[in-house]
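Given next are the chains, with one letter for each unit.
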Amino acid sequence: MVGLVRGRGHGAKTRALAPPTPSSPAGSASESESDSGSEARESSAGPLGGPSVDTLEPGDLEDATLVSSIERPESATGRLQRLRARLARSNTALGKGLLALLSSGGLDEQSWDDVEETLLSSDLGVEATMELVDSLRTRVKVEGARDEETVRRWLRQDLLRLVDPLMDRSIASSRVEGRPAVVMVVGVNGTGKTTTVGKLARVLVAEDKDVVLGAADTFRAAAADQLQTWGERVGVPTIRSERGGADPAAVAFDAVRAAVEMEADVVVIDTAGRLHNKVGLMDELAKVKRVVEKQSPIDEVLLVLDATTGQNGLRQAEVFAEVVNVTGIVLTKLDGTAKGGIVVAVQRKLGVPVKLVGLGEGPDDLAPFDPEAFVDALIS
């Protein structure tokens, strides 16, 4: 059902994965719900009951090894610190604006209103803004100091508390009880979701993980090609359908099964960019999740949000959380006009951590989120 080349940038030998034998309907996992049987049969046999992708011939494997050298991504450790200047430029209002207000001298009610306005305009959210202002008011009243270094220290402590450094921000990327970790990536169109999946593959390869990609965004033209190109750069195989509009649940099912056969560490599934106000599309996403879980538990669901959408992105986050069990947030485009407060707002809204942030267009500009480095960039 699937044909692919497996190659790793750190010396693994390229080999072909033999097409798995289609399972019979009787071998599919059963569910009590009415559509379980048809979903399992469709997923195990491909969207049309036949092969879901073309199979590479032996000669093609030799050609594949002659492709340009596989890239070795840079380590993800410390990326946020290295990209600190970009992050700081995008959050001038939150950091420098507050420092200027708080260290300017007399703080009357109008000044505190300006502080609140600055925080709200940075997408921090009403509740977090009130907490931060109350804390700063108390500090000014009790301690009295207003020099810039003291104010910077206060801001750092309070912002770090709001960002919450105790949240678990690790990504499920290691085998679990003898099977690959399964990661689903979801989000609406335009958030950079497929690109994020490709960049995440680079992060995982840099950590020496054996990765498989699943191109389950079958509705957007060239999405599978885009993802496959990202994978080929770092020697990561992509499971895809060669037929446009194929059943995304079937492709996701095949990707997980291939990862199991290959004994990979993790399989990352790219899903269609679904409009959060289209109930039918959200139902389709729920189906993908349901079908994948017939074969393996899903260990991680990453929701990709465009940081420039600010508070509007929070409604998207809520709807996705209702359909799938979101475990982490990826904020893209945080280097543009985004306001840093959105990190706090989305974490409070969903109760899950921001785990990755996109800080540019480069292939290695996806960084694991570091609360301390983030806050330092805000007030630098």
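Everything quoted here is computed from the prediction, not taken from an experiment.

Participant: Whenever I open this one, the overall build of the protein chain confuses me. Can you help?
Facilitator: The secondary structure content of the protein chain amounts to 15 helices and 10 strands. Sorting the 380 residues of the protein chain into buried and exposed places 54% on the buried side. Considering only intrachain contacts with a sequence separation of at least 6, the fraction spanning at least 24 residues in the protein chain is 79%. When the accessible surface of the protein chain is totalled, it reaches about 16,000 Å², and 49% of it is carbon and sulfur.

Participant: I would appreciate a short explanation of helix α7 (residues 126-143) in the present structure.
Facilitator: Every α-helix carries 3.6 residues per turn, so stepping three or four residues along brings you back to the same face. In this model α7 runs 26 Å from its N-terminal to its C-terminal C-alpha over 18 residues, within 8% of the 26 Å that 1.5 Å per residue would give. Of all the positions in α7, only Ala-128, Thr-129, Leu-132, Val-133, Ser-135, Leu-136, Arg-139 and Val-140 are classed as buried. Projected onto a plane normal to the axis of α7, the buried residues spread over an arc of 165° and lie on a single side. Pointing more than 90 degrees away from the buried face of α7 are the exposed residues Val-126, Glu-127, Lys-141 and Val-142. At the exit of α7 stands Gly-144, carrying a positive phi of roughly 80°.

Participant: Could you clarify how one ought to interpret the environment of Leu-227 in this entry?
Facilitator: Residue position: Leu-227 is located in helix α10 (residues 223-233). Measuring from C-alpha to C-alpha, the distance between Leu-227 and Val-197 comes to 7.6 Å, with 30 residues separating the pair along the chain. Setting aside anything within four residues of it in sequence, one finds Leu-227 in contact with Thr-194, Val-197, Gly-198, Leu-213, Gly-214, Ala-215, Thr-238 and Asp-270.

Participant: How should I be thinking about the side chain of Asp-270 in this particular structure?
Facilitator: Relative to the elements of secondary structure, Asp-270 occurs in strand β6 (residues 266-271). Among the polar contacts listed, one links the side chain of Asp-270 to the side chain of Lys-193, at a separation of 3.1 Å. The contact partners of Asp-270, leaving out residues within four places of it in the chain, are Val-185, Lys-193, Thr-194, Val-197, Gly-214, Ala-215, Ala-216, Asp-217 and Leu-227.

Participant: How should the nonpolar core be read in this particular structure?
Facilitator: Generally speaking, soluble globular proteins have nonpolar side chains that are buried together. Among the nonpolar cores identified, the biggest contains 75 residues, and Ile-269, Leu-303, Val-326, Ile-329, Leu-331, Val-357 and Phe-374 are the most heavily contacted of them. With 8 residues, the single largest contributor to this core is helix α11 (residues 248-262). Beyond its immediate stretch of four places on either side in the chain, Leu-303 contacts Val-186, Gly-187, Ala-317, Phe-320, Val-326, Gly-328, Ile-329, Val-330 and Leu-350. Residues Ala-181, Val-185, Val-203 and Leu-213 belong to the second largest nonpolar core, which totals 25 residues.

Participant: What is the right way to look at the packing of aromatic side chains in this model?
Facilitator: In this description, a pair of aromatic rings is defined by centroid distance and the angle of the planes. One pass over the full model with this rule turns up 1 aromatic pair. Ring centres 5.0 Å apart and planes at 55° place the aromatic pair Phe-369 and Phe-374 in the tilted group. Assigned by exposure class, Phe-369 and Phe-374 land together as buried. Arg-233 extends its terminal NZ or CZ atom over the ring of Trp-230, reaching a point 5.0 Å from the ring centre.

Participant: What should I look at first to understand the packing of helix α9 (residues 193-206) against α10 in this one?
Facilitator: For any two helices packed against each other, the geometry comes down to the angle between their axes and how far apart the axes lie. For the pair α9 and α10, interaxial distance at closest approach is 9 Å and the crossing angle is 15°. Judged on the interaxial angle alone, α10 and α9 are roughly parallel. Between α9 and α10 lies a crossing whose hand is right-handed. Counting all contacts with α9, which are made through Thr-194, Thr-195, Val-197, Gly-198, Lys-199 and Arg-202, the residues of α10 involved are Ala-223, Gln-226, Leu-227, Trp-230 and Arg-233. Considering only residue class, the contact of α9 with α10 consists of 4 nonpolar, 4 polar and 3 charged.

Participant: Just checking my understanding: could you explain a nonpolar patch on the surface for this structure?
Facilitator: A surface patch of nonpolar side chains, about 250 Å² in accessible area, is lined by Leu-120, Val-126 and Met-130. Summarising the element assignment, Val-126 is placed in helix α7. Here Val-126 falls in the exposed class, since its relative accessible area comes to 58%.

Reading the values: rules and limits
Residues numbered from 1 in each chain as written. Predicted model: local features only at pLDDT ≥ 70, side-chain atom pairs only at ≥ 80, totals over all residues. Heavy atoms only, no water. Helix = DSSP H or I, 4+ residues; strand = E, 2+ residues; numbered from the N terminus. Buried < 20%, exposed > 50% of the residue type's maximum accessible area, 1.4 Å probe, protein only. Contact = heavy atoms within 4.5 Å. Areas by Shrake-Rupley, 256 points an atom, 1.4 Å probe, with all protein chains shown as cover. Expected span 1.5 Å × (residues − 1). Arc of directions from axis to C-beta. Polar contact = N/O pair within 3.5 Å; in protein donor to acceptor, adjacent residues only side chain to side chain. Core = buried A, V, L, I, M, F, W, Y, C linked by side-chain atoms within 4.5 Å. Phe/Tyr/Trp six-rings, centres within 6.5 Å; stacked < 30°, edge-to-face > 60°. Lys NZ or Arg CZ within 6 Å of the ring centre and 35° of its normal. Axes fitted to C-alpha atoms, helices over the stretch in contact; angles between N-to-C directions. Parallel < 35°, antiparallel > 145°, perpendicular 65-115°, else oblique. Left-handed = near helix turned anticlockwise from the far one by under 90°. Nonpolar A, V, L, I, M, F, W, Y, C, P; charged D, E, K, R; others polar. Patch = residues over 30% accessible without salt bridge, like charges linked within 9 Å, V, L, I, M, F, W, Y side chains within 5 Å. Salt bridge = Lys/Arg side-chain N within 4 Å of Asp/Glu carboxyl O.

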